[in-house]
Structure formats: C-alpha cells, structure tokens
Amino acid sequence: MATIRTENERDIVVEADLSDLQAFIDEAERNLDVYKDEIAVIYEKMPKFDYIYFCFYAYSTYRLLEATLDFDTSEVGHIRVSAPDEFFYAFYGMIATLHTQAKVQENKECGA
C-alpha cells in the first residue's frame, strides 16, 4: 500500500507503486459519479505534463487520491506523488478507461 508522509508543514508526499493501482480503480468504479469531473480533468490535462509531471493539487484532482489512500489535504499546500514512471502511465490508462466509462454511462442516462 502507498505511503503518505508529511515532508514539511505544507507538503504531503504520496509514495506509490503499480500495486496501488487496483485500489484506485476499485474506489473510482464504486463512485464514478463522484469522480467523473475529476477524471475528465486528469484525462485532459495529464498528457500535457508528460504524465509524470502532472500536479493533482493544482487542478483540484486529488479527491480520488484522498479517498483511496485515506488522507486529508485540507491543511496542505501541495501534494507530490512519488512513483515509478510506469505508475503514471498505467494510472493514465486507468483514467482514460474510466473517462470512457463515465461518458458511456452519461450517454445512456441522456438517452443518446
């Protein structure tokens, strides 16, 4: 499981690896309606940062991280995810799949 540590009074570091991805998938699928807007932002923005340099905190896309790893960002100024490059690419693949799933679900609800 990922490790959460406080680097200083305003910074949290999330140390994760590929084995943590299943927990993210499970949380997102259970609550897709809650995270669909966050997933859409990550889907759109993450490639612009070469995936590995994406800042979850800057785009307020950290609720999935918080819920999955059970931590609170309310009193920090920055979250840094420290993980192997493969984690970020696999995470993005997961996000792309969830984004598509949310769009399909939305289209069904709209009768499209």
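Treat the numbers as computed from the prediction; the structure is a model and nothing was measured.

As for its position among the elements, Ala23 is in helix H1 (residues 21-30). A C-alpha to C-alpha distance of 8.3 Å links Ala23 and Leu69, two positions 46 residues apart in sequence.

Turning to the packing of aromatic side chains, a few remarks are in order. Following the criterion strictly, the structure yields twelve aromatic pairs and no others. Pairing Phe49 with Phe54 gives two aromatic rings, centres 6.1 Å apart and planes at 75°, and the pair type is edge-to-face. Note on Phe49: relative accessible area 29%, which makes it partly exposed. Phe54 sits in the buried class, given a relative accessible area of 6%. Aromatic side chains Phe87 and Phe88 sit 5.6 Å apart centroid to centroid with 90° between the ring planes, which places their arrangement in the edge-to-face category. For Phe88, a relative accessible area of 3% translates into the label buried. A network of ring pairs unites the aromatic residues Phe24, Phe49, Phe54, Phe56, Tyr59, Phe87, Phe88 and Phe91 as a single cluster.

Pairing within the open sheet is mixed, and its three strands lie in the order S1-S2-S3. The strands lining the two open edges of the sheet, one partner per strand, are strand S1 (3-8) and strand S3 (78-82). Each neighbouring strand pair of the sheet contributes to a mean axis angle of 25°, computed without reference to strand direction. Pairing of S1 with strand S2 (residues 11-15) involves five bridges; the strand directions are antiparallel. Bridged to Arg5 within S2 is Val13.

What follows deals with the pattern of salt bridges. With the rule as written, the count across this model stands at seven salt bridges. Close ionic contact of Glu38 with Arg63 constitutes a salt bridge, the shortest N to O distance being 3.2 Å. Here Glu38 is found in helix H2 (residues 32-45), whereas its partner Arg63 is found in helix H3 (residues 63-69), with 25 residues between them in sequence. Overall, Arg63 belongs to the partly exposed group, its relative accessible area being 38%. Between Lys48 and Glu44 there is a salt bridge, and its shortest N-O distance comes to 4.0 Å. One network of salt bridges, in which partners are shared, links Arg5, Glu7, Glu15 and Arg80.

Glancing now at the confidence of the model for the protein chain. Of all residues in the protein chain, 99% have pLDDT values of 70 or greater, and the mean over the chain is 89. Least confident of the elements in the protein chain is S3, whose mean pLDDT is 87; most confident is H2, at 94.

Analysis parameters
- Residues numbered from 1 in each chain as written.
- Predicted model: local features only at pLDDT ≥ 70, side-chain atom pairs only at ≥ 80, totals over all residues.
- Heavy atoms only, no water.
- Helix = DSSP H or I, 4+ residues; strand = E, 2+ residues; numbered from the N terminus.
- Phe/Tyr/Trp six-rings, centres within 6.5 Å; stacked < 30°, edge-to-face > 60°.
- Buried < 20%, exposed > 50% of the residue type's maximum accessible area, 1.4 Å probe, protein only.
- Pairing = 2+ DSSP bridges.
- Axes fitted to C-alpha atoms, helices over the stretch in contact; angles between N-to-C directions.
- Salt bridge = Lys/Arg side-chain N within 4 Å of Asp/Glu carboxyl O.
- pLDDT = per-residue confidence, 0-100.

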